[in-house]
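Structural features, examined
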Amino acid sequence: DTLNNAMTEPGEMVQAVGKLREMDGRGIKDGREEAVQHLTEEMADTIVVIVNLMEIYGIDRMALNRWLNIKQSRQDRRADEEIEKREAGAEKNGD
């Protein structure tokens, strides 16, 4: 059922991300293409669940898009702040 899938599919996507993160951290290239394919499949499953939840709870795309914009702006701002911190640290250390 949709609500059970809503609780399991994102977890499967997280596991797929974790596998790729581990592979990349260890420099493992063998099987990476399959792992990316698996992540892509889990992302699709998660998006399907999101669309289903939107239908069940009457969430329109405009409302979701507003939140996506807010969240993306916040993430962009955090990334910019992190870059500034790194650059300031590099200058301080003479790099």
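Structure's up top.
Computed from a predicted structure; not experimentally measured.

This part is about helix H1 (residues 2-26). Between its terminal C-alpha atoms H1 stretches 36 Å, which fits the 36 Å expected from 25 residues at 1.5 Å a residue. Taken as a whole, H1 has its buried residues at Ala6, Glu9, Ala16, Leu20 and Met23. On its buried face, H1 sits against helix H2 (32-57). Downstream of H1 by a residue or two, Gly27 has a phi angle that is positive, lying close to 70°.

Turning our attention to the pattern of salt bridges. Applying the stated rule across the entire model yields 3 salt bridges. Asp24 is the salt-bridge partner of Arg32, the closest N and O atoms lying 2.8 Å from each other. You can call Asp24 partly exposed: its relative accessible area is 41%. In this structure, Glu82 engages Arg86 in a salt bridge whose closest nitrogen and oxygen atoms are separated by 3.6 Å. On the criterion of helical spacing, the pair formed by Glu82 and Arg86 is a turn pair, its members being 4 residues apart in helix H3 (residues 61-92). The partly exposed category is assigned to Glu82, whose relative accessible area is 36%.

Taken together, the side chains of Leu3, Ile56, Tyr57 and Ile59 present a nonpolar region at the surface, about 390 Å² in accessible area. Along the chain, Leu3 falls in helix H1.

Formed by Ala16, Leu20, Met23, Ala35 and Leu39, the largest nonpolar core amounts to 5 residues. Those elements that place two or more of their residues in this core are H1 and H2. Take this core: its biggest share by element is 3 residues, from H1.

Considering the arrangement of structural elements, one finds Glu9 in helix H1. Glu9 sits 37 residues away from Thr46 along the chain, and the two C-alpha atoms are 5.5 Å apart. With sequence-adjacent residues up to four places away left out, Glu9 is seen in contact with Glu42, Asp45, Thr46 and Val49.

Attention now moves to a negative patch on the surface. A cluster of acidic side chains, namely Asp76, Asp80, Glu81, Glu84, Glu87 and Glu91, defines a negative patch on the protein surface. You can call Asp76 partly exposed: its relative accessible area is 37%.

Criteria and cut-off values
- Residues numbered from 1 in each chain as written.
- Predicted model: local features only at pLDDT ≥ 70, side-chain atom pairs only at ≥ 80, totals over all residues.
- Heavy atoms only, no water.
- Helix = DSSP H or I, 4+ residues; strand = E, 2+ residues; numbered from the N terminus.
- Expected span 1.5 Å × (residues − 1).
- Buried < 20%, exposed > 50% of the residue type's maximum accessible area, 1.4 Å probe, protein only.
- Contact = heavy atoms within 4.5 Å.
- Salt bridge = Lys/Arg side-chain N within 4 Å of Asp/Glu carboxyl O.
- Patch = residues over 30% accessible without salt bridge, like charges linked within 9 Å, V, L, I, M, F, W, Y side chains within 5 Å.
- Areas by Shrake-Rupley, 256 points an atom, 1.4 Å probe, with all protein chains shown as cover.
- Core = buried A, V, L, I, M, F, W, Y, C linked by side-chain atoms within 4.5 Å.
- Lys, Arg positive; Asp, Glu negative; His and termini not counted.
- Charge placed at Lys NZ, Arg CZ, Asp CG, Glu CD.

Any functional reading would require information beyond the geometric quantities listed.
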